[in-house]
Each structure stands twice: as structure tokens, then as C-alpha cells.
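Here's the letter readout for the chains.
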Amino acid sequence: MARAGNEAEVLCLGETMSLVAPATPVPLEEAPAFTLSAGGAESNVAVHLASLGHHVRWASRLGDDPLGRRVVASLAGAGVDTGLVEMRSEAPTGVYFKDPGPDGTRVHYYRAGSAASTMDLDFLADDVIDAAGVLHISGITPALSEGCDRLIRRLLTRPRRAPISFDVNHRPALWSARQAAPVLAELAQLADVVFVGLDEAATLWGVKTADDVRELLDSPVTVVVKDGAEAAYALGERRTVVPAPAVEVVEPVGAGDAFAAGFLSGVLRGEDDERCLRRGHLLAAHSLRSTEDHTAPPDAESLARWLALDEEQWGALRFDGSE
């Protein structure tokens, strides 16, 4: 599936914002210092894939402002091709804040009227879309505006040469489960590979098991269901389950994007579902141990060693700072 020249292995499309996070994992109102970085589900996937050596393009709109230019510079510096990004002077770059706490991390968004929300049907030419080996999108984009919803529907219903990867990514701050459930199910049914958390699917659709999710989403080639710290399932022609390694969690936001990137990296390498799931777990484990949305991946030697573990050794794998 590799592409030459300006043709990317993966094209990721979606909003990226400026991310403000405490420099250490303490509540926002108590933090003495902060980090400023770029954060967005689809660009997180792009950065992870680029760090693994894949040629990835990211497409979106940003405000023609200091924050927007900083986002572009950050992603380009991470190895992502940002040539498809459009800068808009009439709309700002969105901003969000992470608020770590003992019961989990809350996220506060300031994205209304952002440049990304102005994307519509005419965003991206067909030949640009068709040049990618995989198109990765998420359920965040259709919630941003009517135009963004039209864009995602166009991408999922047009004749296509490349498979589409769709991460359900329900964001309650953008729309309620009641509003989102039928739309996200409809869009997921149109994709080729779908990522969804089991807890997320339970909230949206009232399902209880990974197999229930597959029964509901019966059209995609593969449905990947992530069951938190327990396991992940790849449900396609075969049913593959890989338990999650034990992780000492620092901050959970962004781990799902890391998992999707790891799985897609395996797909691009022609690996089987078990190895793809392992790659997803390994990238997610490293993300869970950082307050950043995307972190450096495991080094190639460690990654190869962990991927080669037998079933018993994999079950004993831990990420607690001593790995």
C-alpha cells in the first residue's frame, strides 16, 4: 500500500487545535506551569504513523494566527506532510485545555467557529483523496458543523480507490449520545475499518460485548473494539483478541489515537490482525504514560522484541517505568 512521491500511505483529515496541558499531571487550576502543543485525534494518528516511518499527510483548516502557524510547524517538525492545510484569516484556531484529576482527565474546548469548522463538500479534490493508500477520519468532524458533516458523508459515499479508516470518537462536549448515536452508527457502517471503545459503544448503542458491536456494525471489513485495560478485538473474517499489557497510567487522553496508529501501521505492513492489535497496544501503552497527546514511539529494537513475545510472555508484559 506504500505510495511514492507526493502520494501518502495515509491521509488523515480533521481538526487540530492548540493544546494547553499542565506540565505535570495535576489539576488545571493548581498547575504552576503548562505546555503548549498541537492536539487533534486525526493529526495525533498522523504524528504516530510518521514517527513509525510512514509517509502521512494531514488535511485541515487552521486560523492564520500564531497558534495556527505553531500547529503547522509542530506537525511538520514531527514528519507529517502539511501541504494540504489551508490557513484562514477569517476564523481562529481552536484551543483546548487538559484538566487531569484523580477520577480521570477532563477536557475543556474553545473551538466554536474555528477555521476547521468551515470545511465543506468542496474541501479536498478527488485526485488528492484517491492518491492516499488509506484515508483516516473520525466521528469528531461531522459534529463540528453542517458543512463538516457534509464533507464526511461525501468522503464515505463517493466511489473510492482507497479504504477508509473511521474512529467513532464520540465527544459528549460536541453532541449528546442521543444525538450522536444514529449518525455515528450510519457513518461507521460506510467505512472499511472502524475503531470504537467498548464503553463508548455501550453509551451510544447500549451494547454489552465486542460481538454485539460487530453485530450492529456488520458492513465494515474490520471492526476494532477496544475494551480499556482488558483487551482489544479485531472482528472481521476472523475473531482475534489480544489482551492489553499492564500500564501505570499517567494520563489517558490520546491513547485511542495511538492505538489506531499502531493498528494501521500493522495493516500497512501487511501483518495479521494479532500483530496489528499488538502494535496498537504498544503505542497506546506509551501514550498512557505521558500528559502529551502524542509521544515518541518505542524504539525499533524494543518494538520488535515485544511483538515477538509468545502468548505467555505477552500476558506478563508491564509498562510501569521499568520497561
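Residues numbered from 1 in each chain as written. Predicted model: local features only at pLDDT ≥ 70, side-chain atom pairs only at ≥ 80, totals over all residues. Heavy atoms only, no water.

### Concerning the nonpolar core
Link 1 in the chain: One finds L13, I137, W205, V213 and V225 to be the most contacted residues of the largest nonpolar core, which totals 48 residues.
Link 2 in the chain: Element by element, the count of residues in this core is highest for helix α5 (residues 177-189), at 7 residues.
Link 3 in the chain: Sequence-distant contacts of L13, defined by excluding residues within four places in its chain, comprise E42, A59, M119, F123, L124, H136, I137, T141, L151, I152 and L155.
Link 4 in the chain: If you look at the next biggest cluster of nonpolar residues, it comprises 45 residues, including V134, V193, V224 and F263. (Core = buried A, V, L, I, M, F, W, Y, C linked by side-chain atoms within 4.5 Å. Buried < 20%, exposed > 50% of the residue type's maximum accessible area, 1.4 Å probe, protein only. Helix = DSSP H or I, 4+ residues; strand = E, 2+ residues; numbered from the N terminus. Contact = heavy atoms within 4.5 Å.)

### What about the pattern of salt bridges?
Link 1 in the chain: Applying the stated criterion across every chain yields a total of 17 salt bridges.
Link 2 in the chain: Between R61 and E86 there is a salt bridge, with its nearest N and O atoms 2.7 Å apart. Of the two residues, R61 sits in strand β5 (residues 61-63) while E86 sits in strand β6 (residues 86-88), which places them 25 residues apart along the sequence.
Link 3 in the chain: A relative accessible area of 29% means that E86 is categorised as partly exposed.
Link 4 in the chain: Here E186 ties to R153 by a salt bridge, and the two come within 2.9 Å at their closest N and O atoms. (Salt bridge = Lys/Arg side-chain N within 4 Å of Asp/Glu carboxyl O.)

### Topic: the sheet that holds strand β10 (residues 164-167)
Link 1 in the chain: Pairing in this open sheet of 8 strands is mixed, and the strands run β4-β1-β9-β10-β11-β12-β13-β14 from one edge to the other. Strand pairing shows two members of the sheet lacking a second neighbour, β4 (56-59) and β14 (239-243), which therefore form its edges. Taken pair by pair, the neighbouring strands of this sheet meet at an average axis angle of 15°, ignoring direction.
Link 2 in the chain: Where strand β11 (residues 193-197) and strand β12 (residues 222-227) come together, 5 bridges link them in parallel fashion. Bridge assignment links V196 to a residue of β12, and that residue is V225.
Link 3 in the chain: Along the sheet, helix α6 (residues 198-205) makes contact with β11 and β12, crossing β11 at roughly 85°. (Pairing = 2+ DSSP bridges. Axes fitted to C-alpha atoms, helices over the stretch in contact; angles between N-to-C directions.)

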